[in-house]
Amino acid sequence: MHGEPSPPPAAPTLFDWEFAANPYPAYAWLRTHSPVHRTRLPSGVEAWLVTRYADARRALADPRLSKNPAHHDEPAHARGRTGIPGERKAELMTHLLNIDPPDHTRLRRLVSTAFTPRRVAEFAPRVQELTDRLIDGFAARGEADLIHEFAFPLPIYAICDLLGVPREDQDDFRDWAGMMIRHGKGPRGGVARSVKKMRGYLAELIHRKREALPAEAAPGEDLVSGLIRASDEGEHLTENEVAAMAFILLFAGFETTVNLIGNGTHALLTHPEQRTRLQDSLAAGDMGLLETGVEELLRFDGPVELATWRFATRPLTIGGQDIAPGEAVLVVLAAADRDPERFAEPDVLDLTRRDNQHLGYGHGIHYCLGAPLARLEGRTALATLLTRLPDLRLAVDSTELRWRGGLIMRGLRTLPVEFAPVPN
């Protein structure tokens, strides 16, 4: 006798601490059983999660999905819960993650000069200098927390240099940024307070730089000075737009790189065969495996779990699911990048993987502007760590590590390691 067909297994629990430690089995379930999945997020906001690669890639480039929160039909209880805490009150909303063309096109064009391959290549010696200086700070101890002592300060100091924040002010930025990525770990309202302090500092910095701006731009002029110059030469950037641009470059440009270095190091330390291959190739002076390896680390356990918020402006259908105007859509990059329909053996870390069009930095007009700089920082950090501390190993069992809470980013709270002390 044939009974009734058995119902599909129950949907997994999303966004609890167990899920944060390893979301990939839950995402595999969603890709199979509910690839465009309606869920209520911990904040109370309802959104559609898009988990298959083909759907994700299309959604990221679909002009009917707006980045502007004004298009969200959010209920009163969810108001303001879809962006960066504190950005509304601090008047920092007019940045690249929250706007659409034509404003997005105009602002992106202005800032893109800072991230050309040539400009990033010119920055490489500074990134190497910062990397070595940070490793010098703990190499003789034989132990370190690679998040707080390495992965976190490296991109902060790099992006501060790029923006033109004076060296004597950069530790303040480090403190504010630290509060911003601790999420629920710091004092209540700490993120919003840090955003407010950063906003005040940026207003003062813009004023100081405008007063001292030379008539002609020097080669390698810092980014804030370049934005002020563009504004004064007819682009009519408001001070809010300049401040919001600097803010989002800092916010988007450091936590992603913290997580690339942290997640990437963790993946290598828990896949010793792949790590040994990479160390051998670096010792032989071959950078090819480092380049494909960083792309694979971005795919395998990337720094951005979900792409930032999108809101339907017209009725549309994604993966067979109808979505109404005003509804929120979150593209799950971490799920798309392990889709077996797109990647062979997606749960295997393979640093030699060539066909690797991962979505770790997005796709379409909102493709990550700072990706060339993040790749440079990731390659420099990982290569220098593995070369200078060849016996690097986890100081605790991998299961004891804790991942930060939060919706968009994926990163470790701490990464304690041990190694043979190296005298400076």
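One can find the structure itself at the top, above this paragraph.
Residues numbered from 1 in each chain as written. Predicted model: local features only at pLDDT ≥ 70, side-chain atom pairs only at ≥ 80, totals over all residues. Heavy atoms only, no water.

Here helix α11 (residues 239–269) is 31 residues long and its end C-alpha atoms lie 45 Å apart, about the 45 Å a rise of 1.5 Å per residue gives. Most of α11 sits inside the fold, with 27 of its 31 residues counted as buried. (Helix = DSSP H or I, 4+ residues; strand = E, 2+ residues; numbered from the N terminus. Expected span 1.5 Å × (residues − 1). Buried < 20%, exposed > 50% of the residue type's maximum accessible area, 1.4 Å probe, protein only.)

This part covers the environment of H37. Along the chain, H37 falls in strand β1 (residues 36–40). On the basis of relative accessibility, which here comes to 15%, the residue H37 falls in the buried class. Along the chain, H37 and T51 lie 14 residues apart, while their C-alpha atoms are 8.2 Å from each other. Once residues within four sequence positions are removed from consideration, H37 is found in contact with L14, L30, A47, W48 and L49. One polar contact links H37 to S34, side chain to side chain, over a distance of 2.8 Å. (Contact = heavy atoms within 4.5 Å. Polar contact = N/O pair within 3.5 Å; in protein donor to acceptor, adjacent residues only side chain to side chain.)

Below, the discussion takes up the packing of helix α12 (residues 272–283) against helix α15 (residues 371–388). Packing of α12 against α15 leaves a shortest axis separation of 10 Å and a crossing angle of 90 degrees. Considering the angle they form, α12 stands roughly perpendicular to α15. Residues R275, L278, Q279 and L282 of α12 form the contact with α15, whose participating residues are A383, L386 and T387. For the contact of α12 with α15, the residue count by class is 4 nonpolar, 2 polar and 1 charged. (Axes fitted to C-alpha atoms, helices over the stretch in contact; angles between N-to-C directions. Parallel < 35°, antiparallel > 145°, perpendicular 65-115°, else oblique. Nonpolar A, V, L, I, M, F, W, Y, C, P; charged D, E, K, R; others polar.)

Further remarks concern the environment of F115. Relative to the elements of secondary structure, F115 occurs in the loop between α4 (103–112) and α5 (117–136). Using a relative accessible area of 6% as the deciding quantity, one classes F115 as buried. The spatial distance from the C-alpha of F115 to the C-alpha of L373 is 6.9 Å, given a sequence separation of 258 residues. Among residues more than four places away in sequence, those in contact with F115 are V120, L162, L249, L369, G370, P372 and L373.

To continue, consider the packing of α4 against α11. One can describe the packing of α4 onto α11 by two numbers: an axis separation of 12 Å at closest approach and a directional angle of 65 degrees. As α4 runs across α11, the sense of the crossing is right-handed. Mapping the contact onto sequence places R106, L107 and V111 in α4 and E241, M245 and L249 in α11. Class assignment of the residues belonging to the contact of α4 with α11 gives a composition of 4 nonpolar, no polar and 2 charged. (Left-handed = near helix turned anticlockwise from the far one by under 90°.)

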